[in-house]
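Overview (structure and organization)
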There are 2 protein chains.
Amino acid sequence: MIRILIAEDQRMLASALTSLLNLEPDIRVLDCVSDGEAALARLQLGDIDVVLSDIEMPKMSGLELAARIKDAGNIACKVVIVTAFARAGFLRRALDAGVKAYLLKDAPSEKLADVIRTVHRGGRYIAPELLSDTWSEACPLSARERSVLALAGEGLSSEQIGAKLHLSTGTVRNYLSEAIGKMDAANRIEAHRLARERGWL
Amino acid sequence: MIRILIAEDQRMLASALTSLLNLEPDIRVLDCVSDGEAALARLQLGDIDVVLSDIEMPKMSGLELAARIKDAGNIACKVVIVTAFARAGFLRRALDAGVKAYLLKDAPSEKLADVIRTVHRGGRYIAPELLSDTWSEACPLSARERSVLALAGEGLSSEQIGAKLHLSTGTVRNYLSEAIGKMDAANRIEAHRLARERGWL
DNA sequence: AACGACACCTGACACCTGTCACCTGAAATC
DNA sequence: GATTTCAGGTGACAGGTGTCAGGTGTCGTT
């Protein structure tokens, strides 16, 4: 019997998947939680074989959850990411965090039980859409460039960004200029959009 | 027996809802489609009582689907919108298009069957999160302001926007200035973000 | 000790943005 | 026919943005 924890903030999907998976004779969903923190807490009981996790959740993302599980070392469960968005950076970070499977929400749902069994046997699975070259290119942005670009995308001015990050206005503009150049964009807005689309923020 | 069509591009959710709803004795899911056009075509058979539709789908959105059904006049089915985002403009447009129920994907899934029955009896249902004042305020932006703001959000300069919309650069800046003022934002980026969050784009 | 890599800062320049007062011409209203 | 209304435009101004050529101090390397 494979014991599952579902971490998913769309309750409708979570409960639907629960009833779907519980129809499988060898799978049992023990619990559903709606954010990463709750998932981490629930895992301490040690009775979970596979965590099914969304990425975008309140409090703690699925990627951070996976990283925490890896760092903790004492939690035996495997992590399966189920997400709506096919973003390169997400897959990369997921793999770095030791995630065993990464699949998309528009995959046929019969796939899910298969993937869970594969992972439980020690296997791996990556959504085929994500295996092309486009998706695997590394993020060229430095940590500073990323954080500056993220704030710029909220509409903050260079001065406001500098105040938040304890940098001078000129430095912020230099980082933004670098980022814009690397992304081959015309301005901060386009650079932010492109970086988001590629999962680099 | 209430006959259902599901229009939802996340196949995983669509099939999970199907199996969930088919457990109800008085509900039967006849078909699943993954975009608005396919839904409209399927409805021509005339055997559907209630359409369960997402908003964000390829080809034709759920809101446009609802509007088309209303305009056609000869299709008897009720429309239930099930969406992830709580955006004011969406709800408004949905109600204008004669939608009978509007609920969020993070509602408990038991709610779904209840809402379907309510709608089938001739009732209505709106997600309680959307009934507060914030969500029901009307969009203050003119059509021009909206389109200019949408392009500005892509990273286009005022000049490029003017070229696309056959307006002078100065006029584009005037519209943007108006929009920024109405949204109480500091610049075009923040104005675009706020407008998107409120479903006005 | 000398070296380069790195993070951060400065100043200057051309250009873009946001704002405002005001103009124009074509409806619509009176 | 005169007046208002409104989409669109112009020109000017302060301030923000993007770029570049430098500058400082701190690391590890060699």
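Scroll up a little and you will see the structure.
Presented here is an overview of the structure given in this document. Remember, predicted model here, so these are calculated numbers, not experimental data. (Residues numbered from 1 in each chain as written. Chains lettered and ligands numbered in written order. Predicted model: local features only at pLDDT ≥ 70, side-chain atom pairs only at ≥ 80, totals over all residues. Heavy atoms only, no water.)

**A few points about the sheet that holds strand β4 (residues 78-83) of chain B**
Residue and element names in this part refer to chain B. Quick note on the threshold: Criterion used throughout: strands pair if DSSP finds at least two bridges between them. Secondary structure elements follow DSSP: runs of H or I of four or more residues count as helices, runs of E of two or more count as strands, with numbering from the N terminus. When checking whether two residues touch, look at their non-hydrogen atoms; a contact exists if any pair is within 4.5 Å. Interaxial angles span 0 to 180 degrees and are taken between N-to-C directions of axes, which are lines fitted to C-alpha atoms, for helices over the stretch in contact.
The strand order across the open sheet formed by six strands is β2-β1-β3-β4-β5-β6, and the pairing between neighbours is parallel. Edge strands, defined here as strands with exactly one partner in the open sheet, are β2 (27-33) and β6 (125-126). Relative to β2, strand β1 (residues 2-7) runs parallel, the two being bridged by six bridges. Note that in β2 the partner of Ile6 across the bridge is Cys32. In the packing of helix α1 (residues 11-21) onto the sheet, contacts are made with β1, β2 and β3 (50-53), and the angle to β2 comes to roughly 165°.

**A look at the sheet that holds strand β4 (residues 78-83) of chain A**
All names here are of chain A. Taken together, six strands build an open sheet; the order of strands is β2-β1-β3-β4-β5-β6 and the sheet is parallel. The open sheet has two edge strands, β2 (27-33) and β6 (125-126), and neither has a second partner. Two elements, strand β5 (residues 101-104) and β6, share two bridges in a ladder whose sense is parallel. Opposite Tyr102, over in β6, you have Ile126 as the bridge partner.

**Re the relation of the copies chain A and chain B**
As a reminder, the rule being used: Overlaid copies result from least-squares superposition on C-alpha atoms, with residues included only where pLDDT is at least 70 in both.
By a simple turn and slide, chain A fits onto chain B: the slide is 0.1 Å along the axis, the RMSD is 0.6 Å, and the turn is 180°. As the rotation angle and translation indicate, the two copies are arranged about a two-fold axis. Interface overlap between copies is the fraction of interface residues in one copy that are interface residues in the other; for chain A against chain B it reaches 100%, indicating a shared surface.

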